[in-house]
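If you want the building blocks of each chain, they are given just below.
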Amino acid sequence: MGFVVESNQGANGGSKLGFRSLVRRKRVDSIHSKSSDARHHQLAKELSILHLIAIGVGSTIGAGVYILVGTVAREHSGPALAFSFLIAGIAAALSAFCYAELASRCPSAGSAYHYSYICVGEGLAWIIGWALILEYTIGGSAVARGISPNLALLFGGPDSLPAFLARHTVLGIVVDPCAAILVFIVTGLLCVGIKESTFVQSVVTTANICAMIFVILAGGYLGFKSGWVGYKLSTGYFPYGVDGMLAGASTVFFSYIGFDSVASTAEEVKNPQRDLPLGIGAALSICCMLYMLVSAVIVGLVPYYAMDPDTPISSAFASHGIQWAAYIITIGAVTALCSTLMGSLLPQPRILMAMSRDGLLPSFFSEVNTRTQVPVKSTILTGLIAATLAFSMDVEQLAGMVSVGTLLAFSMVAISVLILRYVPPDEVPLPSSLQAAIDSVSLRYSNIISTQETDVEVSKGQTGVSGEKNELLHQKGEISAKYPLIAKVAAEAIFSEKKRRKIAGWMIMLTCVGALILTYSTSNLGLPSYFRLTLCGIGGLLLLFSLAVLTSIDQDDARHNFGHTGGFICPWVPLLPILSILINLYLLLNLGADTWMRVSVWLVIGVFVYVFYGRTHSSLQHAVYVPASHVDEIYQSSAESLPSE
């Protein structure tokens, strides 16, 4: 019995082949895969942990914090706004832990798309990659259009920008030349090189952090001087109750989106096993700390119900006689938006490059410039599309679509951690050019596998074996007779491991189903109460049952050697990934019907692109699947046969 499985070989039905293409998985990039991909220029390994922190903080802290504190405090949290940011930060940290492990194990361009392809399969990986393309394109355009109004404030007012930068209405369309110019500038920086663009982002991010530190220090001084009037209210610290604080946390959660940009640069990090987890963790911690301190100061300066929802920080300082602080705060908002723009345009070309390397998109996107060692063509194309949208479209109404890609990616990354721990891929694809070496190793292991199967039959007491199988049973029975205990233990271990993997796989599936049912029933308030409670009970029971089973069974031993070892290990598995799945699904289902309608159109387009191009051009189209434990031996056998050829 051979162990080689070919992904799309043989006279199978069309539907069966289609399904196989959806679930085929690629292997973690290694020395072997990189050598076989010599036609692709590698990205420059230039980034250190400080660069990663700058990318993470710059991509996460946008201008929203300068506005969001007023809206959330007035409508949800009140003086407990800092707690809302803390809870949201903890929720974001659940996803960050999952990203940290996968980024250190699979340090290649592509981020969540790459992890999904390795752990889940090609079909869902394509959906994640396609959704991320939408996220970064719309996100970059929306950020760019938000810069010009803030920039105009520095010139004296909303209509104070020079004519060639100011917004104009042409044929009923509000065009924004300033936004398009800024996108082109950022695109040019990204084409120069990853180290140079990251340095500029570090400078801009530092300016933003300095503005936030000014708010914290100056606001703290005013607070102590005035007696923190915002905290001395008869309504108490939780005017809207704990529910209001949690509602505020779900709103400000989106302020933490951006740290995943760090994972997209994994291939360009000098020491990914050490620096990627530290960079993600440090960036998220800095953002959470700054958010909490700014919110704690601002709600203390002004009663929450008196805060200006549009300019909460500037108006809070103005109420204490410091009108000039508005300029510093505006500079902080502009630099925050510029840094976020860079963080939105940076991952997009790398996602396209990863999908192109896998054959799912044309090879145009995977070309890397030999001098700058960045995907220049993909970067320029991304910049052109983003600049066009920023110039001619009011993309603010599409901003909700950005969150869909992020939350889908967060959910899939958490699921991938569960798969990696309990049912990691035991077969990996190799190119068909290694068929001779594969056949050689297959013959070498055929007797071992036959021995295991025979011992299993002996241990299970199976009868009725005839012909050659009966002769083989007799021969191997002699071996088993010499060492009966060892043979029995080995056979039982094989059966036990297969059973464990099967149970774990079903439990992971039940976890996803239970989380979906529970979050849907809790989000849909329009359902009849008895039906809603029934669905909540079913979803909750499925989740608890899956959690209990996954906690009680052993994790797969192969996880210790999966991918690049020696990096970060996500704690509290399976509880932490399951909580992350729950939170992300809940937020996804609360994005609104209009957002989902728009995203569905984009995803349907993606399905057609995959069916008519990606599926048939995939690099795994003719791959041969072999046991992961035999890969090194196959490459060694292939290398030994080269001189004779």
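This report concerns the structure included in the present document. Chains are numbered independently. Their residues run from 1 in the order of the written sequence. Per-residue local features are limited, in this predicted model, to residues with pLDDT of at least 70; the limit for side-chain atom pairs, both in listing and counting, is 80 or more; totals at the level of whole chains, interfaces and linings are taken over all residues. Calculation of side-chain values draws on the structure's entire complement of heavy atoms; hydrogens and water are dropped beforehand.

**A few points about the packing of aromatic side chains**
In summary, the pairing rule links any two rings of Phe, Tyr or Trp, Trp by its six-membered ring, whose centres are within 6.5 Å, and it sorts them by plane angle into stacked for under 30 degrees, edge-to-face for over 60 and tilted for everything else. Within this structure, the stated rule accounts for 25 aromatic pairs. Their ring planes at 40° and their centres at 5.9 Å tell us that Trp 126 and Tyr 610 sit as a pair that is tilted. Note that Trp 126 is positioned in helix α7 (residues 122-154) and Tyr 610 in helix α23 (residues 593-617), a separation of 484 residues in sequence. A single burial state applies to Trp 126 and to Tyr 610, both of which are buried. Numbering of helices and strands runs from the N terminus; a helix is a DSSP stretch of H or I covering at least four residues, while a strand is a stretch of E covering at least two. Buried, partly exposed and exposed residues are distinguished by accessible area as a fraction of the type maximum, computed with a 1.4 Å probe on protein chains only: under 20%, between the cut-offs, and over 50%, respectively.

**Considering helix α10 (residues 241-252)**
By definition here, a helix of n residues has an expected span of 1.5 Å times n minus one. For α10, which comprises 12 residues, the first-to-last C-alpha distance of 17 Å matches the rise-based estimate of 16 Å (1.5 Å per residue) to within 8%. Buried within α10 are the following residues: Gly 244, Met 245, Gly 248, Ala 249 and Val 252. On an axial view of α10, the arc spanned by its buried residues comes to 145°, and they lie on one face. Whether two residues are in contact is decided by their heavy atoms, any of which lying within 4.5 Å being enough. Buried-residue contacts for α10 involve α4 (64-77) and α5 (81-105). In this context, the arc is that of the directions from the helix axis out to the C-beta atoms.

**Description of the environment of Arg 559**
Relative to the helices and strands, Arg 559 is located in the loop between α21 (529-552) and α22 (575-589). A relative accessible area of 18% places Arg 559 in the buried class. Among the polar contacts made by the side chain of Arg 559, one reaches the main-chain carbonyl oxygen of Asp 556 at a distance of 2.8 Å. Under this definition, polar contacts are N or O atom pairs within 3.5 Å; protein pairs additionally need one hydrogen-donor-capable and one acceptor-capable atom, and for neighbouring residues in sequence, both atoms have to be side-chain atoms.

**Some remarks on the nonpolar core**
Only buried Ala, Val, Leu, Ile, Met, Phe, Trp, Tyr and Cys residues count toward a nonpolar core, and they belong to the same one when joined by side-chain atoms within 4.5 Å. If you look at the biggest cluster of nonpolar residues, it comprises 165 residues, and the most contacted ones within it are Tyr 66, Tyr 99, Ile 298, Ile 313, Phe 317 and Leu 341. It is helix α17 (residues 400-422) that contributes the most residues to this core, 16 residues altogether. Leave out the neighbours within four places in its chain, and Tyr 99 touches Ser 111, Ala 112, Tyr 115, Phe 259, Asp 260, Ala 263, Ile 280, Ala 409, Phe 410 and Val 413. Leu 434, Val 631, Ile 634 and Tyr 635 belong to the second largest nonpolar core, which has 12 residues in total.

**Considering α7**
Think of an α-helix as turning once every 3.6 residues; residues three or four places apart then point the same way. Taking 1.5 Å of rise per residue, the 33 residues of α7 would be expected to cover 48 Å, and the 48 Å separating its terminal C-alpha atoms lies within 8% of that figure. With 26 of its 33 residues buried, α7 lies for the most part within the structure. Gly 156 lies just past α7 and shows a positive phi near 120°.

**Side note on the environment of Ile 329**
When you line up the elements, Ile 329 lands in helix α14 (residues 325-345). Each C-alpha atom of the pair Ile 329 and Thr 311 lies 9.7 Å from the other, and the pair is 18 residues apart in sequence. If near-sequence neighbours (up to four positions away) are discounted, Ile 329 is found in contact with Tyr 66, Val 215, Ile 313, Ser 314 and Phe 317.

**As for the side chain of Ser 111**
Mapping Ser 111 onto the fold places it in helix α6 (residues 111-119). For Ser 111, a relative accessible area of 1% gives the class buried. Setting aside residues up to four positions removed in sequence, Ser 111 forms contacts with Tyr 99, Asp 260, Ala 263, Ser 264 and Ile 351.

**Here we look at the packing of helix α9 (residues 194-226) against α14**
Put simply, α9 and α14 touch, their axes get as near as 8 Å, and they point 150° apart. The hand of the α9/α14 crossing is left-handed. Across the interface between the two elements, Ser 197, Val 200, Gln 201, Val 204, Thr 205, Ala 207, Asn 208, Ala 211, Phe 214 and Val 215 of α9 pack against Ala 325, Ile 328, Ile 329, Gly 332, Thr 335, Ala 336, Cys 338, Ser 339, Met 342 and Gly 343 of α14. Across the contact of α9 with α14, the residue classes tally to 12 nonpolar, eight polar and no charged. Every axis in this analysis is a line fitted to C-alpha atoms, fitted for helices over the stretch in contact. Angles between the N-to-C directions lie between 0 and 180 degrees. Helix crossings get a hand from a simple test, with the near helix turned counterclockwise from the far one by less than a right angle marking a left-handed crossing and a clockwise turn marking a right-handed one. Amino acids outside the nonpolar list (Ala, Val, Leu, Ile, Met, Phe, Trp, Tyr, Cys, Pro) and the charged list (Asp, Glu, Lys, Arg) are all regarded as polar, and Gly is one of them.

Note that all results are geometric; they support no functional claim without further evidence.
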